[in-house]
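# Structural description and commentary
Okay, here's what each chain looks like letter by letter:
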Amino acid sequence: GVAAALLLKPVWFSNTMLLLDRGQALQGPLGAISGGPDVDQQADIMREQIQSSLFLRSVVASSGVKEDQATRSWALKSASRYPGMNPDEEVESFLVDYLRDAISIRRSKGKLFQVTVADYDPDRAKRLCEAVANQFVASSKARQLEAVQQQQEFSTEQLQVYKRALDEAESRLEAARRNAISTTLTSSVVNAQNLSFAQS
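Residues numbered from 1 in each chain as written. Predicted model: local features only at pLDDT ≥ 70, side-chain atom pairs only at ≥ 80, totals over all residues. Heavy atoms only, no water.

## Section: the pairing of strand S3 (residues 112–119)
The criterion, for reference: The rule is simple: take the accessible area with a 1.4 Å probe, protein chains only, and divide by the maximum for that residue type; under 20% is buried, over 50% is exposed, in between is partly exposed. Runs of E in the DSSP output that reach at least two residues are strands. Runs of H or I that reach at least four are helices, and both are numbered from the N terminus. When DSSP finds two or more bridges between a pair of strands, those strands are recorded as paired.
Of all eight residues making up S3, seven are buried, and the element is well covered by its neighbours. Strand direction decides the pairing type here: strand S1 (residues 12–19) and S3, joined by eight bridges, are antiparallel. By the bridge assignment, Phe13 is partnered in S3 with Ala118. Summarising the sheet, strand S2 (residues 103–107) and S3 pair through five bridges and their orientation is antiparallel. Note on S3: the bridge partner recorded for Ile105 is Val115. Counting the residues that bridge the hairpin from S2 to S3 gives four residues, and of these Gly110 lies at a positive phi of roughly 60 degrees.

## Description of the confidence of the model for the chain
Our working rule: One number per residue, pLDDT, summarises how confident the predictor is, and it ranges from 0 to 100.
Taken residue by residue, the chain gives an average pLDDT of 82. The fraction at 70 or more is 87%. Mean pLDDT in the chain bottoms out at helix H2 (residues 30–34), which sits at 52, and peaks at helix H4 (residues 53–63), which reaches 92.

## Some thoughts on the packing of aromatic side chains
The geometry of an aromatic ring pair comes down to the distance between the two centres and the angle between the two planes. Operational definition: Ring pairs shown here join Phe, Tyr and Trp side chains whose ring centres sit within 6.5 Å, with only the six-membered ring taken for Trp; geometry is labelled stacked below 30 degrees between planes, edge-to-face above 60, and tilted in between.
The tally for this structure, following the rule as stated, stands at five aromatic pairs. A ring pair is formed by Trp74 and Phe94, whose centres lie 4.9 Å apart and whose planes are at 90 degrees; its orientation type is edge-to-face. Remark: Phe94 occurs in helix H6 (residues 87–102) and Trp74 occurs in helix H5 (residues 69–76); sequence separation between them is 20 residues. Overall, the relative accessible area of 18% leaves Trp74 in the buried class. Taking relative accessible area as the criterion, Phe94 reaches 7% and is therefore assigned buried.

Take a look at the structure:
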């Protein structure tokens, strides 16, 4: 046991904390659009994201570890698992598969989330952890932008609905006015004394 403990490579853990800020919800029908996920839903979304190849490729690219010579040598030792790829693709594929097991998401108190990355190199663990956190922030901003666009589309649709209703009401009012103007008083019941009452 002592020999194994001395021979095994140490594993380093890098942690970062993320705070879920849903912003101020709007009133009325727009509130449902801008509310966003609650804390439990956000945790599920984040766990799904760290299994996504697209998300993990963005993490690898933004961290810059793919260009690190020691990381490339370590990744290329497993190149046989990815036949038909060039060295850059082999390194990226290895790191994506590696990160699926190296990243963990844990809910903390309140709206806090702890992101942990385990790695054999402390500097690489830190860089990957920062890249994961930054990628979570970027994807969250993208979702917020999408929600704003949905709000804008909803507002535009509502504006068109109200404009059509207003146009129809104005058309009916104009028709009623034209009808009132074209109607002539033919009955002798209306005279100068009750004309104002008849017009009202």
